[in-house]
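Residue-level structure breakdown
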Amino acid sequence: MRKHLLRLFVLAVSVFVLLTAAAAWVVLTPVTLTSEQVDFTIVPGSSMRVAAREVAGAGAELNPWVLILLGKLMRVDTAIKAGSYEVAAGITPLELLTKLTRGDVTQAELAFIEGWTFRQMRERLDAHPDLRHDTKGLPEAEVMSLIGAPQTTAEGLFFPDTYFFAKRSSDVDLLARAYRSMQQHLARAWQARAPDLPYQEPYQALIMASIVEKETGRDHDRPLVAGVFVNRLRQGMLLQTDPTVIYGIGENFDGNLRKRHLLADTPYNTYTRPGLPPTPIAMPGLASLQAALHPPSTEALYFVARGDGSSQFSPTLDEHNRAVRRYQKGGRP
């Protein structure tokens, strides 16, 4: 009897060792891939079974039951993280499961640049290969509704920055992040604004910041440009800024601003209409926001480009005209 029990024990141990070895071989042997790297996406709410099928369907020659059983044994079968993943040759089932439960997703990036218009943003979004283009072709007001914004006009309401996202994310999510970021930056800047500015609300400061953004790329000149326009608003002068006119022309602008453009009345022609234009004309960066809300004390009412990217500021029209002759007409002051 004892010999029989001993044999059963030895047999059980042998079977256990063999099964353990077999299981170890299964989970530690690299998965065969149909290419050097395969990509797949796990959508939110996916079960281990669904995730395993996604992995196999992407080109990993792995029986889905391996991941399912391994997940149950390790008690992580409900811990799958949604996102986009990349797996390379040599990965084992155990490493794959760890990757899925840790949320080791792949990331892509997209930069929104200071001074871009919303049209330029959408072109870049639509062309990005790693985004899901859920807003493509939609009217602007519908896009704003999708991101949860109360505004129907999108221009200037997104913060320029480099955004990282999981591949196959929706462009709606990316736009929503950029929108929230601008709202936060604008709220903080408005809260800390200088006293007695000629703005009734933060949106007007955003409009001014967009004009400053388009008028100069020089950090040193931004506050002075804002100071000029603030002085003009306070004195009831026309802003007379070319970038607003160009924005009003839209896609028909050929790069050459003519006198007839300055005379043609549009809501964005600050040569014919007083005050600020109805919306921002581009996406301002943080430096332009700060300039618009903290303009320096200056007597300047005019400025002209020197030709090297900087500007010459003048308090009187006579001085301004001399600066124009010097820097733009090749004359002498």
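The text that follows walks through the structure, step by step, so that each part is easy to find. Values in this document were obtained by computation on a predicted structure and should not be read as measured data.

Across its 21 residues, helix α7 (residues 171-191) extends 30 Å between first and last C-alpha, which sits within 8% of the 30 Å expected from 1.5 Å per residue. The backbone nitrogen of Val172 lies 3.0 Å from a side-chain oxygen of the residue at the head of α7, namely Ser170.

Glancing now at the packing of helix α5 (residues 118-127) against α7. At their nearest, the axes of α5 and α7 sit 11 Å apart, and the two run at 145 degrees to each other. Of the two possible hands of crossing, α5 and α7 adopt the one that is right-handed. Of α7, the residues touching α5 (which contributes Phe118, Met121 and Leu125) are Asp171, Leu174 and Leu175. Its residues placed into classes, the contact of α5 with α7 shows five nonpolar, no polar and one charged.

Attention now goes to the environment of Phe164. Residue position: Phe164 is located in strand β7 (residues 162-166). Looking at Phe164, the relative accessible area reads 41%, which means it is partly exposed. Between the alpha carbons of Phe164 and Ala108 there is a distance of 5.6 Å; along the sequence they are 56 residues apart. Leave out the neighbours within four places in its chain, and Phe164 touches Gln107, Ala108, Glu109 and Arg177.

Turning to helix α13 (residues 317-327), its buried residues number three or more, namely His320, Ala323 and Val324. Taken end-on, α13 shows its buried residues confined to a sector of 105 degrees, consistent with a single buried face. Buried residues in α13 make contact with β9 (302-305) and β10 (311-314).

If you check the backbone angles, Arg75 has positive phi at about 60 degrees while not being a glycine. On the basis of relative accessible area, Arg75 is assigned to the exposed category, the value being 76%.

Let's shift gears to the pairing of β9. Sheet topology note: the β9/β10 ladder contains four bridges and is antiparallel. Paired with Val304 across the strands is Gln312, a residue of β10. As consecutive antiparallel partners, β9 and β10 are separated by five residues, and within that stretch Gly307 has a phi angle of approximately 105 degrees, a positive value.

Below, the discussion takes up the packing of α7 against helix α12 (residues 286-293). Packed helix pairs are specified by the crossing angle of their axes together with the interaxial distance, meaning the distance between the axes. The geometry of α7 relative to α12 is characterised by a closest axis approach of 10 Å and an angle of 30 degrees between their N-to-C directions. Here α12 runs roughly parallel to α7, going by the angle between their axes. Note on packing geometry: the crossing formed by α7 with α12 is right-handed. Of α12, the residues touching α7 (which contributes Met182, His185, Leu186, Ala189 and Trp190) are Leu286, Leu289, Gln290 and Leu293. Looking at side-chain class alone, the contact of α7 with α12 contains seven nonpolar, two polar and no charged residues.

Rules and cut-offs
Residues numbered from 1 in each chain as written. Predicted model: local features only at pLDDT ≥ 70, side-chain atom pairs only at ≥ 80, totals over all residues. Heavy atoms only, no water. Helix = DSSP H or I, 4+ residues; strand = E, 2+ residues; numbered from the N terminus. Expected span 1.5 Å × (residues − 1). Polar contact = N/O pair within 3.5 Å; in protein donor to acceptor, adjacent residues only side chain to side chain. Axes fitted to C-alpha atoms, helices over the stretch in contact; angles between N-to-C directions. Left-handed = near helix turned anticlockwise from the far one by under 90°. Contact = heavy atoms within 4.5 Å. Nonpolar A, V, L, I, M, F, W, Y, C, P; charged D, E, K, R; others polar. Buried < 20%, exposed > 50% of the residue type's maximum accessible area, 1.4 Å probe, protein only. Arc of directions from axis to C-beta. Pairing = 2+ DSSP bridges. Parallel < 35°, antiparallel > 145°, perpendicular 65-115°, else oblique.

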